[in-house]
Amino acid sequence: MEYFNELKATKIFSSASEFECQAMMFCFKTKFKTFDKNENIIKQGDRMEDIILILKGGGNVENVDSLGNISIVMQLKKGDVYGIESAYAGDEYYKDSVIATEKSLVLFMNKHRLINPCENRCKRHDIVVKNLMQMVAESNLKLLDKLTHISKKTTREKLLSYLSSISEREKSNYFEIPFNITELANYLSVDRSAMSNELSKLKKEGIIDYDKRQFHIYNNKLDY
């Protein structure tokens, strides 16, 4: 079947045979779609009919408030899902937008067919749901990480908290962040100009060095 290798590379379908994948594509009323960079994969406020799985590329989950302020909720990469929590909560509309950060291939799975057992109550469906629940837990951990950063009082503290966490995750003082400057400001819920000023100060103070998305922390541990 088309895209079988891409499906097998994901946690959800990793143990499924080609025949099983084909059967589930029918069961879940799936659609494969491709998106160019900066194209809307999902639009905030649209009626929620599907849960998405990123097969290639990636995207930013963005929320726009009533004043037009943009906040990046999280980043999706290959193998990540979006919408499962809202589907189980019974939401009728998407609370966020998902914007492609590069050319992407996305699988759309009908939420009603996915979260409700099929008539045959096949074992494969139960495994997929179990895998999805594990991915929800991982997604919640990402949100908790973000909450740790944005709960800091100042822009400087938020920056240092975020950079420290990336350094620890990569186990290196040299690392690349997944956001550009504007996206990072939106992710940390800070003013872009204020954040740029703090980055410049940190560089002048000899605490960090950076070039676009590339960062180097001079100290073994950032003090914030």
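Presented here is an overview of the structure given in this document. For every chain, the first residue of the written sequence is number 1, and numbering continues from 1 along that sequence. Owing to the predicted nature of the model, reporting of local features is limited to residues with pLDDT of at least 70; listing and counting of side-chain atom pairs is limited to 80 or more, with chain, interface and lining totals taken over all residues. Computation of side-chain values: all heavy atoms of the structure, hydrogens and water removed.

### Structural notes on the overall build of the chain
Here a strand is any run of E in DSSP of at least two residues, a helix any run of H or I of at least four, and the numbering for each starts at the N terminus. Counting secondary structure elements, the chain contains eight helices and 11 strands. Taking the principal axes of the C-alpha coordinates as reference, the chain spans close to 65 × 40 × 30 Å. Using a 1.4 Å probe on the protein chains alone, a residue whose accessible area is under 20% of its type maximum counts as buried, one over 50% counts as exposed, and one in between counts as partly exposed. Counting over 224 residues, the chain shows a buried share of 45%. Here the contacts in the chain between residues at least 6 apart in sequence split such that 69% fall between residues at least 24 apart. Approximately 12400 Å² of the chain is accessible, and the part contributed by carbon and sulfur atoms is 48%. In the chain, 34 positive and 32 negative side-chain charges are present, and the distance between their average locations comes to 2 Å. In this description, contact between two residues means that some pair of their heavy atoms is separated by no more than 4.5 Å. Note on areas: Shrake-Rupley, 1.4 Å probe, and residue coverage restricted to the protein chains presented here. Only four residue types enter the tally: Lys and Arg on the positive side, Asp and Glu on the negative side, with His and both chain ends excluded. Think of each charge as sitting on NZ of Lys, CZ of Arg, CG of Asp or CD of Glu.

### Some words on the environment of Ala9
Residue placement: Ala9 occurs in the loop between helix 1 (4–8) and helix 2 (18–27). As a C-alpha pair, Ala9 and Lys78 span 69 residues in sequence and 9.1 Å in three-dimensional space.

### A look at the packing of helix 7 (residues 181–188) against helix 8 (residues 192–204)
Axis definition: a line fitted to C-alpha atoms, limited for helices to the stretch in contact. Angles are taken between N-to-C directions and run from 0 to 180 degrees. Across the interface, helix 7 lies against helix 8 with an axial gap of 9 Å and an inter-helix angle of 110 degrees. With respect to their mutual orientation, helix 7 and helix 8 come out roughly perpendicular. For the pair helix 7 and helix 8, the contacting residues are Ile181, Thr182, Leu184 and Ala185 in the first and Arg192, Met195, Ser196 and Leu199 in the second. Charged residues are taken to be Asp, Glu, Lys and Arg, nonpolar residues to be Ala, Val, Leu, Ile, Met, Phe, Trp, Tyr, Cys and Pro, and polar residues to be all remaining types, Gly included. When its residues are assigned to classes, the contact of helix 7 with helix 8 shows five nonpolar, two polar and one charged. Throughout this description, any angle smaller than 35 degrees is read as roughly parallel, any larger than 145 degrees as roughly antiparallel, any in the 65 to 115 degree range as roughly perpendicular, and the remainder as oblique.

### Looking at helix 2
Inspection of helix 2 places Cys21, Met24, Met25 and Cys27 among the buried residues, and these make up the whole buried set. Looking down the long axis of helix 2, one finds its buried residues gathered within 160 degrees of arc, a one-sided arrangement. Exposed residues pointing more than 90 degrees away from the buried face of helix 2 are listed as Phe19 and Phe26. Buried positions along helix 2 lie against helix 1, strand 1 (31–35), strand 8 (104–110), helix 4 (111–115) and helix 5 (123–150). Within this analysis, the arc is defined by the directions that extend from the helix axis to the C-beta atoms.

### A closer look at the packing of aromatic side chains
Centres within 6.5 Å are what make two rings of Phe, Tyr or Trp a pair, Trp counting through its six-membered ring; a difference in plane orientation under 30 degrees is then read as stacked, over 60 as edge-to-face, and the rest as tilted. In the structure shown here, the tally under the stated rule is seven aromatic pairs. With a centroid separation of 6.5 Å and an interplanar angle of 35 degrees, the aromatic rings of Tyr162 and Phe179 are classed as tilted. Here Phe179 lies in the loop between strand 9 (174–176) and helix 7 and Tyr162 lies in helix 6 (residues 155–170), a separation of 17 residues in the sequence. On the accessibility criterion, Phe179 (3% relative accessible area) is buried. Between the aromatic rings of Phe175 and Phe215, the centroid separation amounts to 6.1 Å while the plane-to-plane angle is 5 degrees, which identifies the pairing as stacked. Here the residue Phe175 occupies a position in strand 9, and Phe215 occupies one in strand 11 (residues 214–217), the gap between them amounting to 40 residues. Note on Phe215: relative accessible area 3%, which makes it buried. Among the aromatic side chains, those forming a connected cluster through ring pairs are Tyr162, Phe179 and Tyr187. A cation over an aromatic ring shows up here: Lys33 above the ring of Phe108, its NZ or CZ 4.9 Å from the ring centre. Geometrically, a charge over a ring is one whose NZ (Lys) or CZ (Arg) sits within 6 Å of the ring centre while staying within 35 degrees of the ring normal. Positioned above the aromatic ring of Tyr210, the side-chain terminus of Lys203 is 5.1 Å from the ring centre.

### Let's talk about the sheet that holds strand 7 (residues 97–100)
For two strands to be treated as a pair, DSSP must find at least two bridges joining them. One open sheet accounts for four strands, arranged 2-7-4-5; its pairing is antiparallel. Looking at which strands have only one partner, the edges of the open sheet turn out to be strand 2 (40–42) and strand 5 (70–77). The sheet shows a mean angle of 30 degrees between the axes of neighbouring strands, taken without regard to direction. This element, helix 7, spans strand 4 (58–64) and strand 5 of the sheet and lies at about 105 degrees to strand 5.

### Focus: unusual backbone geometry
Across the chain, the bulk of peptide bonds are trans and the bulk of non-glycine residues have phi less than zero. In this structure, Tyr3 takes a positive phi of about 70 degrees despite not being glycine. One can find Tyr3 in the segment before helix 1. Residues other than glycine seldom take positive phi values, yet Asn38 does so here, at roughly 75 degrees. Positionally, Asn38 belongs in the loop between strand 1 and strand 2. The exposed category is assigned to Asn38, whose relative accessible area is 58%.

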